[in-house]
Amino acid sequence: MRRSEALEGVRMIRFEHILDRHEAGELNQIDAAEMLGISERTFRRWCRRYEEEGAAGLADRRLNRASGKKVPATVEEEIERLYRTRYQGFTARHFHDRLVSDHQFRWGYTWTKLLLQSKGLLEKAPRRGAHRRKRPRWPLAGMMLHQDGSRHVWLAGLPAMDLIVTLDDASSEIYSAFLVAEEGTASTFQALSEVIGVHGLPLSLYTDRGSHYFLPPEAGRPAGGPVDRTRLTQVGRALDRLGIEHIAAYSPEARGRSERMFRTLQDRLVKELALAGIATVEAANRFIRDVYLPAHNARFTVKPEQEDTAFVPVPGLDLDEILRVQEGRQVGHDNTVIFQRLRLQIPPSPLRPHFVKVRVKVRQYHDGTHAIFHGPRGIGRYDAIGGPLDGNGPVA
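Q: Sorry if this is basic, but what is going on with the environment of G57 here?
A: Examined against the element boundaries, G57 turns out to sit in the loop between α3 (40-53) and α4 (73-85). Measuring from C-alpha to C-alpha, the distance between G57 and C47 comes to 9.4 Å, with ten residues separating the pair along the chain.

Q: Honestly, the packing of aromatic side chains in this entry has me stumped. Any pointers?
A: Here a ring pair, both rings aromatic, is described through the centre-centre distance and the interplanar angle of the planes. In this structure the tally under the stated criterion is nine aromatic pairs. Look at F15 and W46: their rings are 5.8 Å apart centre to centre, the planes differ by 75°, and that puts the pair in the edge-to-face class. Placement of F15 in helix α1 (residues 3-23) and of W46 in helix α3 is noted, with a sequence separation of 31 residues between them. Judged by centre distance (5.0 Å) and plane angle (75°), the ring pair of Y83 and F95 falls under edge-to-face.

Q: When you look at the sheet that holds strand β4 (residues 204-207) in this model, what are you seeing that I'm missing?
A: The strands making up a sheet associate through backbone hydrogen bonding, with each pair oriented either parallel or antiparallel. The strand order β3-β2-β1-β4-β5 describes an open sheet built from five strands, whose pairing is mixed. The open sheet has two free edges, formed respectively by β3 (174-180) and β5 (245-248), since each of these has just one partner strand. Strand-to-strand, the axes of this sheet are offset by a mean angle of 20°, without reference to chain direction. Sheet analysis places strand β1 (residues 145-152) next to strand β2 (residues 161-168), joined by eight bridges and oriented antiparallel.

Q: What exactly am I supposed to notice about the sheet that holds strand β11 (residues 377-382) here?
A: Strand order in the open sheet made by the four strands is β6-β9-β10-β11, with antiparallel pairing throughout. The open sheet has two free edges, formed respectively by β6 (324-330) and β11, since each of these has just one partner strand. On average, each strand axis in the sheet is tilted by 25° relative to the strand beside it, whichever way the strands run. The pairing of β6 with strand β9 (residues 359-365) spans seven bridges and is classified as antiparallel. Residue Q330 lies in a different strand from β9, and its bridge partner there is R359.

Q: Sorry, what's going on with the nonpolar core here?
A: Side chains of a nonpolar character, in soluble globular proteins, are inclined to be buried together. In this structure, L242, I346 and I372 are the most contacted members of the largest nonpolar core, which totals 36 residues. Those elements that provide at least two residues to this core are α7 (185-199), α8 (234-242), β7 (336-339), β8 (342-345), β9 and β11. With near-sequence residues (within four places) excluded, I346 lies in contact with V331, N335, V337, F355, I372, I379 and Y382. V165, I174, M261 and Y292 belong to the second largest nonpolar core, which has 21 residues in total.

Q: Before we go on, may I ask you to explain the pattern of salt bridges in this structure?
A: Between side chains of opposite charge, pairing is possible as soon as their charged atoms come close. Per the stated rule, a full pass over the model turns up 19 salt bridges. As a salt-bridge pair, R268 and D97 come within 2.8 Å of each other at their nearest N and O atoms. On the criterion of sequence distance, the pair formed by R268 in helix α9 (residues 256-275) and D97 in helix α5 (residues 92-103) is long-range, its members being 171 residues apart. Salt bridges sharing common partners tie together E76, E80, R84 and K119.

Q: Would you mind showing me how to read the environment of E307 here?
A: With respect to the helices, strands and loops of the structure, E307 is situated in the loop between α10 (281-300) and β6. As a C-alpha pair, E307 and A141 span 166 residues in sequence and 8.1 Å in three-dimensional space.

Q: For this particular structure, what's the right way to read the side chain of R324?
A: Turning to its location among the elements, R324 is positioned in strand β6. Although R324 is buried, it forms no salt bridge, and the closest oppositely charged side chain is E321 at an N-O distance of 4.2 Å. Filtering out sequence-adjacent residues up to four positions away, R324 remains in contact with F189, Q234, R237, R241, R363, Q364 and Y365.

Q: Help me understand a negative patch on the surface in this model?
A: A surface patch of negative charge is lined by D20, E23, E51 and E52. Mapped by element, the contributors of at least two residues to the negative patch are α1 and α3. Note that E51 resides in helix α3.

Q: Just to check I follow, could you spell out α7 for this structure?
A: Helical periodicity: at 3.6 residues per turn, an α-helix aligns residues three or four positions apart in one direction. Its 15 residues give α7 an end-to-end C-alpha distance of 21 Å, which sits within 8% of 21 Å, the value for a rise of 1.5 Å per residue. Taken as a whole, α7 has its buried residues at T185, S187, T188, F189, A191, L192, S193, V195 and I196. Taken together, the buried residues of α7 touch β1, β2, β3, β4, α8 and β6. Where α7 terminates, the next one or two residues include G200, which has phi positive at roughly 110°.

Q: What is the right way to look at the packing of α5 against α9 in this model?
A: Geometry of a packed helix pair, given as the angle between the helix axes and the separation of the axes. Relative orientation of the contacting elements α5 and α9 amounts to 45°, with a least axis distance of 10 Å. Taken as axis vectors, α5 and α9 run oblique relative to one another. When the axes of α5 and α9 are compared, the crossing they make is right-handed. Here α5 contributes R93, H94, D97 and R98 to the contact with α9, which in turn contributes D267, R268, K271, E272 and L275. In the contact of α5 with α9, the residues fall into one nonpolar, one polar and seven charged.

Q: What's the story with unusual backbone geometry in this structure? I'm lost.
A: Trans is the common state for peptide bonds, and a negative phi is the common state for residues other than glycine. Notably, Q340 is not glycine yet its phi reads approximately 50°, a positive angle. Among the structural elements, Q340 can be located in the loop between β7 and β8. We classify Q340 as partly exposed; its relative accessible area is 45%. A positive phi angle is found at R341, which is not glycine, with a value near 70°.

Q: Looking at this structure, I do not really get α5. What am I missing?
A: Taken together, the buried positions of α5 are A92, H94, F95, H96, D97, R98 and L99. Turning to α5, the residues buried within the fold contact α4, α6 (109-118), α9 and α10. Downstream of α5 by one or two residues, Q104 has phi in the positive range, about 55°.

Criteria and thresholds
- For every chain, the first residue of the written sequence is number 1, and numbering continues from 1 along that sequence.
- Note on the predicted model: pLDDT of at least 70 is required for a residue's local features to be given, and 80 or more for side-chain atom pairs to be given and counted; whole-chain, interface and lining totals, by contrast, use all residues.
- Heavy atoms throughout the structure, all of them, feed into the side-chain values; hydrogens and water do not.
- Each helix is a run of DSSP H or I of at least 4 residues and each strand a run of E of at least 2, with the numbering of both proceeding from the N terminus.
- Ring geometry is summarised as follows: Phe, Tyr and Trp rings, the Trp one being its six-membered ring, pair when their centres sit within 6.5 Å, and such pairs are stacked at plane angles under 30 degrees, edge-to-face over 60 and tilted between the two.
- We treat two strands as partners when DSSP finds at least two bridges between them.
- Axes here mean lines fitted to C-alpha atoms, for a helix over just the part in contact, with angles spanning 0 to 180 degrees between N-to-C directions.
- Put simply, buried Ala, Val, Leu, Ile, Met, Phe, Trp, Tyr and Cys residues joined by side-chain atoms within 4.5 Å make one nonpolar core.
- Relative accessibility decides the category of a residue: with a 1.4 Å probe and only protein chains considered, values under 20% of the type maximum give buried, values over 50% give exposed, and everything between is partly exposed.
- In what follows, residue pairs with any heavy atoms lying within 4.5 Å of each other are defined as contacts.
- Any Lys or Arg side-chain nitrogen found within 4 Å of a carboxyl oxygen on Asp or Glu counts as a salt bridge.
- All tallies of charge rest on Lys and Arg as positive and Asp and Glu as negative; His and the ends of each chain are not included.
- In this analysis, a patch consists of residues with relative accessible area above 30% that form no salt bridge, clustered at 9 Å for like charges and at 5 Å for the nonpolar side chains Val, Leu, Ile, Met, Phe, Trp and Tyr.
- All accessible-area figures derive from a Shrake-Rupley calculation using a 1.4 Å probe, and residue coverage is judged against the displayed protein chains alone.
- To locate a charge, the coordinates of NZ of Lys, CZ of Arg, CG of Asp or CD of Glu are taken.
- A helix is expected to span 1.5 Å for every residue after the first.
- The scheme is simple: roughly parallel for angles under 35 degrees, roughly antiparallel for over 145, roughly perpendicular for 65 to 115, oblique for anything else.
- By convention the crossing between two helices is left-handed if the near helix lies anticlockwise of the far one by an angle smaller than a right angle, and right-handed if it lies clockwise.
- For this classification, Asp, Glu, Lys and Arg are treated as charged, while Ala, Val, Leu, Ile, Met, Phe, Trp, Tyr, Cys and Pro are nonpolar and the rest, including Gly, are polar.

Below, the structure is given as structure tokens:
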């Protein structure tokens, strides 16, 4: 028995009991109507209908009548067909968003979810665990950025790759997202360059303790202890020079905001890439930048507590000279430098006859190119495989 029918039965029993007391003279019409929670006029109308038609006269005539808001059966069939043939595996929320944006669907999300569950196309979500309080968001955009990578099979037919995401704590807006073979220093610099180049310098960057962010603890120090702030990685050096505070997370739970975002991306982005027929990493990164991120941010970004921004503009700052790898090397007897299995030949220079046994700095930029510096002066420029670039020689 449905709840509405059960309530109808209870209403009938109460009415008959109060009607008996009214007919016995214990209650007048005003008192009887008040006990039933209706007006005196309605009580008289119910008495007349009960006398003429019996219990059937008091039945709620709205029951068993189709609602004017009911989704037509033809629409219901079409929704089921779309899910089975085109959107199989989508969550109810993702599927409903697609219905609204692409198929002019005007009914609610709850109806969509219940339909999928009733047809056996979607399982009910498990009950949530114990309540935990979320860390409050920072009030201004740019006060804290989260950066993390998620390894997953993002494109069917290709091996697992890392999706590097940089998002704002205040709004959950994703400023940068792209696929790479493996997360590391180069991907971090690429993401920072994309964000800083558009928005400016943030106050802080919140990351895990991966080896490209923080050096492993020295022998004798606990593995889970505080990170070593005295020995900086390439990323740490660049952040220190830019004045960006680097905050380390000490557990997956501490990175809850980015972890929840990755769950959403692993569900939605994979399906959107497949739906668009994307098959290569280059095409996927263009799709993520130009198509997916604008739609994702419009759907999931929240309004920061305050409208101002904490980003600091940096006009004229050469980010390429900061967001790059730099390591020291000693020049060999043949005026070459060995760097990551590449042999970089130093060309003749007006600075000195040769550079044999001189200590130099090798810089690797996020586009894969290299440069050799002697003090503040560049003495050679090279492509990603170590070949000299056009105009090789002293670098301004």
